[in-house]
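# Residue-level structural notes
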Amino acid sequence: MTKALTPLIAGNWKMNKTVPEARALAREIRQGLSPSRGVEVAVAPPYTALAAVADEIAGSPIKLAAQEVFWEKQGAYTGAISPLMLTDVGCHYVIIGHSERRQYFGETDETVNRKVKAALEAGLFPIVCVGETLEQREQGRTFAVVEKQIRQGLAALAPGQGERLVIAYEPVWAIGTGKTATPDQAQEVHKLIRGLLPEVAGAADLRILYGGSVTPDNAGELMGQPDINGALVGGASLKAASFLGIINAAG
Ligand code: PGA
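Since the model is a prediction, treat every value here as computed from it, not as a measurement.

Another aspect to go through is the overall build of the chain. A tally of regular secondary structure across the chain gives 10 helices and eight strands. Its C-alpha atoms give the chain a radius of gyration of 17 Å, near enough to 18 Å, the size a compact globule of 251 residues would have. For the C-alpha atoms alone, the extent of the chain along its principal axes is close to 45 × 45 × 30 Å. Counting over 251 residues, the chain shows a buried share of 54%. Within the chain, contacts between residues separated by at least 24 positions form 73% of all contacts whose residues are at least 6 apart in sequence. For the chain, the exposed area adds up to about 11000 Å²; of that, 53% sits on carbon and sulfur atoms.

Moving on: unusual backbone geometry. The bulk of non-glycine residues show a negative phi, and the bulk of peptide bonds are trans. For Ala 156, which is not a glycine, the phi torsion comes out positive at approximately 55°. When its relative accessible area of 64% is taken as the criterion, Ala 156 is described as exposed. Located in the positive-phi region is Ser 213, a residue other than glycine, with phi close to 55°.

What follows concerns the pairing of strand S4 (residues 93–96). Side-chain direction in a regular strand flips from residue to residue, so the side chains alternate between the two faces of the sheet. Of the two faces of S4, the one lined by Tyr 93 and Ile 95 and the one lined by Val 94 and Ile 96 are each fully buried. Where strand S3 (residues 63–66) meets S4, two bridges bridge the pair, whose relative direction is parallel. Bridging from a neighbouring strand, Ala 65 pairs with Tyr 93 of S4. Running through helix H3 (residues 83–89), the crossover from S3 to the neighbouring parallel element S4 is right-handed. Taken together, the four bridges between S4 and strand S5 (residues 125–130) define a ladder with parallel strand orientation. Of the residues in S5, the one forming a bridge with Val 94 is Pro 126.

Before going further, it helps to examine the pattern of salt bridges. Close approach of charged atoms allows side chains with opposite charge to pair. Inspection of every chain in the model, using the stated rule, returns 16 salt bridges. One salt bridge in this structure joins Lys 148 and Asp 109, with 3.3 Å as the shortest N-O distance. Placement of Lys 148 in helix H7 (residues 142–153) and of Asp 109 in helix H5 (residues 109–121) is noted, with a sequence separation of 39 residues between them. In this structure, Glu 132 engages Arg 137 in a salt bridge whose closest nitrogen and oxygen atoms are separated by 2.7 Å. Exposure class is identical for Glu 132 and Arg 137. Each is buried.

The next subject is the pairing of S3. As defined by bridge partners, strand S2 (residues 40–44) adjoins S3 across two bridges and the pair is classed as parallel. Across the sheet, Ala 42 pairs through a bridge with Lys 63, a residue of S3.

This paragraph deals with the site of the ligand. Around the ligand there are 13 residues in total, and Lys 14, His 98, Glu 170, Gly 176 and Ser 213 lie nearest to it. Here Glu 170 contributes a side-chain N or O atom positioned 2.6 Å from an oxygen atom of the ligand. Between the ligand and Gly 234 there is a distance of 2.8 Å, counted from an oxygen atom to a backbone nitrogen or oxygen. Contact with the protein chains covers 95% of the free accessible surface of the ligand, which is 290 Å². Grouping the constituent residues of the shell around the ligand by class yields four nonpolar, seven polar and two charged.

The terminal C-alpha atoms of helix H1 (residues 19–32), which comprises 14 residues, lie 20 Å apart, in line with the 20 Å expected from a rise of 1.5 Å per residue. Elements in contact with the buried residues of H1: S2, helix H2 (50–57) and helix H10 (240–250).

One finds Ile 9, Leu 154 and Ile 193 to be the most contacted residues of the largest nonpolar core, which totals 66 residues. Ranked by residues supplied to this core, first place goes to helix H8 (residues 183–201) with eight residues. For Ile 9, the contacting residues outside a window of four places in its chain are Val 39, Glu 40, Val 41, Ala 42, Met 223, Gly 230, Ala 231, Val 233, Phe 243, Ile 246, Ile 247 and Ala 250. Judged by nonpolar contacts, the second largest core, of 13 residues, contains Ala 42, Ala 44, Ile 127 and Leu 232.

As a further point, take helix H9 (residues 216–223). Restricting attention to buried positions, one finds in H9 the residues Asn 218, Ala 219, Leu 222 and Met 223. Projected onto a plane normal to the axis of H9, the buried residues spread over an arc of 130° and lie on a single side. In this structure, H9 carries Asp 217 and Glu 221 as exposed residues pointing more than 90 degrees from its buried face. Buried residues in H9 make contact with strand S1 (8–12), H8, strand S7 (207–211), strand S8 (230–233) and H10.

Reading the values: rules and limits
Residues numbered from 1 in each chain as written. Predicted model: local features only at pLDDT ≥ 70, side-chain atom pairs only at ≥ 80, totals over all residues. Heavy atoms only, no water. Helix = DSSP H or I, 4+ residues; strand = E, 2+ residues; numbered from the N terminus. Rg over C-alpha atoms; globule rule 2.2 N^0.38 Å. Buried < 20%, exposed > 50% of the residue type's maximum accessible area, 1.4 Å probe, protein only. Contact = heavy atoms within 4.5 Å. Areas by Shrake-Rupley, 256 points an atom, 1.4 Å probe, with all protein chains shown as cover. Pairing = 2+ DSSP bridges. Right-handed = clockwise from strand over helix to strand, strands pointing away. Salt bridge = Lys/Arg side-chain N within 4 Å of Asp/Glu carboxyl O. Near = heavy atom within 4 Å. Polar contact = N/O pair within 3.5 Å; in protein donor to acceptor, adjacent residues only side chain to side chain. Nonpolar A, V, L, I, M, F, W, Y, C, P; charged D, E, K, R; others polar. Expected span 1.5 Å × (residues − 1). Core = buried A, V, L, I, M, F, W, Y, C linked by side-chain atoms within 4.5 Å. Arc of directions from axis to C-beta.

Written out as C-alpha cells, the structure is:
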C-alpha cells in the first residue's frame, strides 16, 4: 500500500553554497533530471539562496524547500524567518527539527510542534525530522526516543492537516558520518513510525524518508524497503552527479 506513494528525494544543502554556486547546482540538477521517473525532487538551499534557486527551478518539477522556520508570523524576532516569508519566496516544503537544529540551536520537540503547526497553517508542507543518537541506540532506546519525538512533535494538529506531512527518519549517528543504517535497521524504525501515524497525524500513508549518509550506491537498497518512501540527502546533494544518481536509484 505504502509503495504507491511517490518517492521524494530532498537535498538538504545545509550551510553550503553562495548564491552563484547555488544557482549553478540548481541548474545542473534541473538539466540532468530525466523526465517522468515517478520521483519527486526537492532542494533546500540556505535562506540567502532561496530566491535565486526559485528562479532557476521555475517551470521545472523541482520543488523548493527551506531548512528551518520560526513559528511567529512577523515581528521583533531578529534573525528569524516566518512561514509567510517562505511561501512568499516560493517554498513548498520546510525541514523542521533536523538533528543539527536540535544539537546546536536548542530545538526541542515542543519548538518542533509549534513550527509544524505554524508551517501547516501557512500552507507549507513540513518535512519533520526524528532520530536517535548513538548513545540512545546503544542503550536500546531507539523506539522510545523516536516515538516521543513523533508524538510530541506532531501533537494536537488540526483535523486534516496531518496529511500534508513528510517524516524523515535520520539516525544521528548516520548523518554526515558515512555510516548508513542498514536497510533492516531503517525499515524497523520506519515501520514503527508508520504504525504511529494514524493515531498521531490522522494519516497512515505519509511518506517517510530515510536520511543519513545516503549515496547513489546505497539508495536503491534502502528505497526497496516497504516503508521507506524516499531520502533526505545532505552531503551527496551538494554535487549534481551524486544527487541525480540517488534520484535515479529511487525511480
Ligand atoms: P548526510 O546528511 O546525507 O550528509 O548524512 C543527511 C541530513 O542531515 O539530512
